[in-house]
Amino acid sequence: MNELDADGLGFDTLSVRAGQVRTSEQEHNDPIFATSSFVFANAREAAARFAGEKPGNVYSRFTNPTVRAFERRLAALEGGAHCVATSSGMAAILVTSMALLRTGDHVVAANGLFGTTTSLFANVLARFGVEATFVDVTDLPAWSGAIRPETKMLFVESPTNPLGAVADITALGVLARAHGAALVVDNGLCTPALSRPLDLGADIVVHTATKYLDGQGRCVGGAVVLNDPAHHDALMSLMRTTGPSMSPFNAWVFLHGLETLGIRMQAICERATRLARWLVDHPAVRCVFYPGLETHPGHALAARQQSAGGGIVAFEVYGGRAEAWRVIDATRALSITANLGDVKTTIVHPASTTHGRITPEQREAAGIGESLIRVAVGLDAFEDIRVDLARGLDALAMDGPMPRADASAG
């Protein structure tokens, strides 16, 4: 069966059908090709496939039908021409950086990136002669001022994790092209169900498939989606040589995660919006970070770029680490884990976990304080999420009067 023609089909249809090419068995479900290698008809065919002169599977490190089905489906959802699946979200960022950058090149990246992404640019790539400058994600003049002749990449998350700051992707895309650089957007928090950065002007989109694309916290994986064939060829050459590949089993799991992506994101965003509005009014909460709130500084921009506010709600309590940990430890239903994008709602203290390996100065620049708590809303009943958080928050409020402030923040 030929691959489905994606033209004119809706997002939910693409989620369940794009990318599948049925075998002669005419299976309805996507099969797992759990094999390391493939057999050739003869020596001539083997040589032609290895040389890239004849299409077909060679070795599962860089050609596998199940992985290819996932790549085609995600590319269709993102509106991209190509997709390269990787072993993790960080592998996706690493191979993108290796494909685009050389010794002496420069990157401008956003403050407030996921802590490990910050470490990759600030520490790992620096060892190979690639320098990074970090700027406020919302400050366009700062982005422009940080660009040098050797700048080859602008890298941003939008919204940021966990504070929900929103980047102007269209403006950054114009800026990148004016200087001959590529704009790379981590779309892990929105997913193509809420936003398609390639349509907004990004050159490359990276994903951690581990999060919302899977949706149930089962497997680790990543992906790079793009249109430029030269960049795609560079990525595939790196993947073939270095091997940070997605396994066929993980690709099969992610294929099924994509099937419910749209409906999951809709339900998660509805719960997250209700939670953010409830937290704004709680006396133990100093401020709430959620772009779905009308009072959020990035709300208008988010409304133009996203169909909803996303599933990450962060908030600061009055006090510090002890008070934040007290709220977290009082929960009974929420999972205390750093993962997000799961159908199970999770809660974590970013300063001591996801952003614990970056320097205190980097945490301060990113706005990651000791009183900050991140909730990644899942599909738990909203009232159960609210009651679980209220245990610790109500206890803090009962300890004494707390100063009031505007409880929404950017």
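Structure first, text after, so check above.
Below: a short report on this structure. Bear in mind that the values here come from a model prediction, so they are computed numbers and not experimental data. (Residues numbered from 1 in each chain as written. Predicted model: local features only at pLDDT ≥ 70, side-chain atom pairs only at ≥ 80, totals over all residues. Heavy atoms only, no water.)

1. Some thoughts on the overall build of the protein chain
- Counting secondary structure elements, the protein chain contains 16 helices and 13 strands.
- Relative to its length of 410 residues, the protein chain is compact, with a C-alpha radius of gyration of 22 Å against a globular reference of 22 Å.
- Taken along the three principal axes of its C-alpha coordinates, the protein chain extends 80 × 50 × 35 Å.
- Expressed as a percentage of its 410 residues, the buried residues of the protein chain come to 55%.
- Put simply, 73% of the contacts in the protein chain that link residues at least 6 apart link residues at least 24 apart.
- Accessible area of the protein chain: about 16,800 Å², with a carbon and sulfur share of 54%.
- Separation of charge centres in the protein chain, based on 34 positive and 42 negative side chains, amounts to 5 Å. (Helix = DSSP H or I, 4+ residues; strand = E, 2+ residues; numbered from the N terminus. Rg over C-alpha atoms; globule rule 2.2 N^0.38 Å. Buried < 20%, exposed > 50% of the residue type's maximum accessible area, 1.4 Å probe, protein only. Contact = heavy atoms within 4.5 Å. Areas by Shrake-Rupley, 256 points an atom, 1.4 Å probe, with all protein chains shown as cover. Lys, Arg positive; Asp, Glu negative; His and termini not counted. Charge placed at Lys NZ, Arg CZ, Asp CG, Glu CD.)

2. Brief notes about the environment of M265
- Mapped onto the secondary structure, M265 falls in helix α12 (residues 261-280).
- Sequence-wise, M265 and L213 are 52 residues apart; in three dimensions their C-alpha atoms are separated by 9.9 Å.
- If we ignore the near neighbours within four places in the chain, the residues touching M265 are L189, C190, T191, A193, L194 and Y212.

3. Section: the packing of helix α4 (residues 89-100) against helix α5 (residues 115-124)
- Viewed as axis vectors pointing N to C, α4 and α5 meet at an angle of 25 degrees, and their least axial separation amounts to 11 Å. Accordingly, the angle class assigned to the pair α4 and α5 is roughly parallel. Crossing geometry of α4 relative to α5 is assigned as right-handed. Of the residues in α5, those touching α4 at M90, I93, L94 and S97 are T116, T117, L120 and F121.
- Here the residues of the contact of α4 with α5 sort into five nonpolar, three polar and no charged. (Axes fitted to C-alpha atoms, helices over the stretch in contact; angles between N-to-C directions. Parallel < 35°, antiparallel > 145°, perpendicular 65-115°, else oblique. Left-handed = near helix turned anticlockwise from the far one by under 90°. Nonpolar A, V, L, I, M, F, W, Y, C, P; charged D, E, K, R; others polar.)

4. Examining the nonpolar core
- Counting 45 residues, the largest nonpolar core has F121, W143, L154, F155, V156 and L183 as the members making the most contacts within it.
- For this core, the leading source of residues is α4, giving five residues.
- Ignoring anything within four residues of it in the chain, the contact list for L183 reads L154, V156, I169, L172, G173, A176, G201, A202, D203 and I204.
- Judged by nonpolar contacts, the second largest core, of 35 residues, contains F70, C83, L258 and I268. (Core = buried A, V, L, I, M, F, W, Y, C linked by side-chain atoms within 4.5 Å.)

5. Brief notes about the sheet that holds strand β2 (residues 106-110)
- Within the open sheet, the seven strands sit side by side as β1-β7-β6-β5-β4-β2-β3. Their pairing is mixed. Of all strands in the sheet, those with a lone pairing partner are β1 (82-86) and β3 (131-135), marking the two edges. Across the sheet, the axes of successive neighbouring strands diverge by a mean angle of 20 degrees, strand direction being ignored.
- Summarising the sheet, β2 and β3 pair through five bridges and their orientation is parallel. Its bridge partner lying in β3, A109 is registered against F134. (Pairing = 2+ DSSP bridges.)

6. Section: the pattern of salt bridges
- Applying the stated rule across the entire model yields 15 salt bridges.
- Between R148 and E131 there is a salt bridge, with its nearest N and O atoms 3.1 Å apart. With R148 in the loop between α6 (140-146) and β4 (151-157) and E131 in strand β3, this pair connects stretches of sequence that are 17 residues apart.
- The exposure class assigned to E131 is partly exposed, which follows from its relative accessible area of 43%.
- Notably, a salt bridge pairs R391 with D388, separated by 2.2 Å at the nearest N-O pair. With R391 and D388 both in helix α16 (residues 382-398) and three residues apart, the pair spans about one turn of that helix.
- The exposure class assigned to R391 is partly exposed, which follows from its relative accessible area of 40%.
- Here the salt bridges share partners, and the residues they tie into one network are D30, R73 and E259. (Salt bridge = Lys/Arg side-chain N within 4 Å of Asp/Glu carboxyl O.)

7. So, α12
- Between its terminal C-alpha atoms α12 stretches 28 Å, which fits the 28 Å expected from 20 residues at 1.5 Å a residue.
- Counted residue by residue, α12 has 14 buried out of 20 residues, so it is predominantly covered. (Expected span 1.5 Å × (residues − 1).)

8. Here we look at the environment of N227
- Tracing the backbone shows N227 in the loop between β7 (222-226) and α10 (229-242).
- When the C-alpha atoms of N227 and D203 are compared, they prove to be 7.2 Å apart, with 24 residues separating the residues in sequence.
- Contact partners of N227, with chain neighbours within four places excluded, come to G79, G80, A81, H82, L198 and D203.
- Here A81 takes part through its backbone nitrogen, which lies 2.8 Å from a polar atom of the side chain of N227. (Polar contact = N/O pair within 3.5 Å; in protein donor to acceptor, adjacent residues only side chain to side chain.)

9. Notes on unusual backbone geometry
- Cis peptide bonds are those with omega within 30 degrees of zero, and the linkage from S158 to P159 qualifies with -5 degrees.
- Looking at the secondary structure, you find P159 in the loop between β4 and α7 (169-178).
- At the junction of N161 and P162, the peptide bond is cis and its omega measures out at 10 degrees in the coordinates.
- Relative to the elements of secondary structure, P162 occurs in the loop between β4 and α7.
- Not every positive phi belongs to a glycine, and T191 is a case in point at roughly 65 degrees.
- Relative to the helices and strands, T191 is located in helix α8 (residues 191-194).
- Given a relative accessible area of 0%, T191 falls into the buried group.

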